[in-house]
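Examining the three-dimensional arrangement
These are the residues of each chain, in order.
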Amino acid sequence: MSLNIQAQKINFGPLKPTMGTWFWVLVFGALGLILAYSAVYIFFQGQHTLATSDPVPWNVFVSAYIFFVVTSTGLCFISAFGAVFGIEKYELIAKRAVFASLVFLAVGMTAIFLDIGRPWMMYNYAISPNPASPMFWMGVFYGLYFFLLLMELVFIIRGNLKATQFWGTLGFISAVVAHGCLGALLGMIYAKPLWFGPYMPIYFIMSAFVSGLASLSIILIISYKSKNRKMSQRMHELILDMGKVFGYAVCALLFFVFWKNASGIFADKPELHWILYGEYAARFWIGEVLIGLIIPIFILLYKGTRTHFGILIAAIMVIAGLVMARVNLVIIGQLQTPFGQPLGTYSANMLEIMFFAGLFGMFGLIYLVGAYFFQFEEFEDMVSDALDEAGH
């Protein structure tokens, strides 16, 4: 980062919400109440209220965890364009992207805390560590990643660009390592053919970039629209530029998904038969591929539809497809059981669906509070003016 950006004070002024902001407060507030109800009910009634079983011990809470932490990593990658790699036009969204990354990570951790059942027992993680487990290292590096993101946000707010670059670089490295550990956690399980293989860390990192671009596009476009705020010309052009990069990234993800499944069919992985032309085929071909990949590619790569509205629609579709992909990966990957035992079964109950949906409300409410205190639009206008003054 080479711009002269001043420190920005945290806002404690009067609230001035628009009708659009009130709409999102109500939507996210309703989802937050749903989350609170389902979380309290599950916590006090116990995990027998969930649809899990011995053959399928991981439910959609694990899918939610993967979705949110993967999206957090993708947002970290995008913020690194400006803070780490020096692409100055991406410095506009550094503050917003880093804060959103922190919130996505916190929401993902909330999902896994409730799935543990007795989260207060996590002190055993510190007093009785298991360095041979990928899950141990995933926890270490995600904890480090959260701390480094927090430090990066602090120095962005203070306008210390050298410190921002330092902490941003460490955060980027920790994000890659932590995400690799998450992929290794699944990729090293030989007993689950759908997961096993060296491609899983690469798949997670690639899909993280796509998920980050999709979520940031949604956040930017809706934030400006709901506040009736005119964005700078640089921000307008940046969103269009992100849309083009987004389209190429979705193409790369489609290429990877094709060869991942083609190689799995060649290896005769039974789960892929169920996914590609079995009982889960509609979820894969319609949810993951058509809605989540193919239609967005056409919207994003055709210049006539690559408008702000088109990018918003494509991003929403990609997010929906990625949610379906996380659910399919976690759930279908557990159905194959060893030693010729009957296949596992799982269907999320209403309580689990409520909790999953409520996590989006948690993200939205925390983000709205952060948007009030940190004034993202003012920061982006300030960076845009600094770029104009520097003649970039």
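First, a word on scope: everything that follows refers to the structure included in this document. (Residues numbered from 1 in each chain as written. Predicted model: local features only at pLDDT ≥ 70, side-chain atom pairs only at ≥ 80, totals over all residues. Heavy atoms only, no water.)

A short note on the nonpolar core
For clarity, the cut-off: Only buried residues count toward a nonpolar core. Its members are Ala, Val, Leu, Ile, Met, Phe, Trp, Tyr and Cys residues joined through side-chain atoms within 4.5 Å. Summary of the burial criterion: residues with accessible area below 20% of their type's maximum are buried, those above 50% are exposed, and those between are partly exposed, where the area comes from a 1.4 Å probe applied to protein chains only. In DSSP terms, a helix is any run of H or I states spanning at least four residues, a strand is any run of E spanning at least two, and both are numbered starting from the N terminus. Two residues qualify as a contact provided that any one of their heavy atoms is within 4.5 Å of a heavy atom in the partner residue.
Membership of the largest hydrophobic core comes to 119 residues, with the highest contact counts inside it found for Tyr65, Ile66, Ile93, Tyr142, Leu182, Met235 and Phe246. Residue contributions to this core peak at 16 residues, all from helix H11 (residues 308-335). Met235 has contacts with Leu92, Ile93, Leu220, Tyr224 and Glu380, leaving out every residue within four places of it along the chain. With five residues, the next largest nonpolar core counts Leu148, Met151, Phe155 and Ala163 among its residues.

A word on a nonpolar patch on the surface
Heads up, the condition is: Exposure above 30% relative accessible area and the lack of any salt bridge qualify a residue for a patch; like charges then connect within 9 Å, and the nonpolar side chains Val, Leu, Ile, Met, Phe, Trp and Tyr within 5 Å. All accessibility values rest on the Shrake-Rupley procedure with a 1.4 Å probe; residue burial counts only the protein chains present in the view. A pairing counts as a salt bridge when a side-chain nitrogen of Lys or Arg comes within 4 Å of a carboxyl oxygen of Asp or Glu.
A surface patch of nonpolar side chains, amounting to about 790 Å² of accessible area, comprises Val40, Phe43, Phe44, Trp120, Met121, Tyr123 and Ile127. Within the residue set of the nonpolar patch, elements represented by two or more residues are helix H1 (19-45) and helix H4 (123-127). In terms of residue count, the dominant contributor to the nonpolar patch is H1 (three residues). Looking at where Tyr123 falls in the secondary structure, it is placed in helix H4. A residue is classified by how much of its surface remains accessible, and Tyr123, at 47% relative accessible area, is partly exposed.

What about the layout of surface pockets?
This is how it is decided: For each structure, a 1 Å grid was placed over the protein atoms alone; sets of points admitting a 1.4 Å probe that cannot get out are labelled cavities, open sets with protein on both sides within 12 Å along at least five of seven lines are labelled pockets, and lining residues have an atom within 4 Å of a point. Grid points are joined across faces, edges and corners, and a volume is the space filled by probe spheres set on the points. The classification used treats Ala, Val, Leu, Ile, Met, Phe, Trp, Tyr, Cys and Pro as nonpolar, Asp, Glu, Lys and Arg as charged, and all other residues, Gly among them, as polar.
One number sums up the size of the largest pocket: a volume of about 1,200 Å³. If you trace the largest pocket, you find 40 residues lining it, with Trp24, Ser223, Tyr367, Leu368 and Ala371 closest to the centre. Of the volumes computed, that of the second largest pocket is approximately 700 Å³. As for the second largest pocket, its lining consists of 27 residues, and the residues nearest its centre are Ile116, Met122, Tyr125, Met135 and Met138. Of all elements in the fold, only helix H2 (60-83), helix H3 (94-116), H4, helix H5 (134-158) and helix H6 (161-187) reach the threshold of two or more residues within the lining of the second largest pocket. No other element matches H5, which puts six residues into the lining of the second largest pocket. The residue inventory of the lining of the second largest pocket, partitioned by class, reads 19 nonpolar, six polar and two charged.

By themselves, these are just geometric observations and shouldn't be taken as functional.
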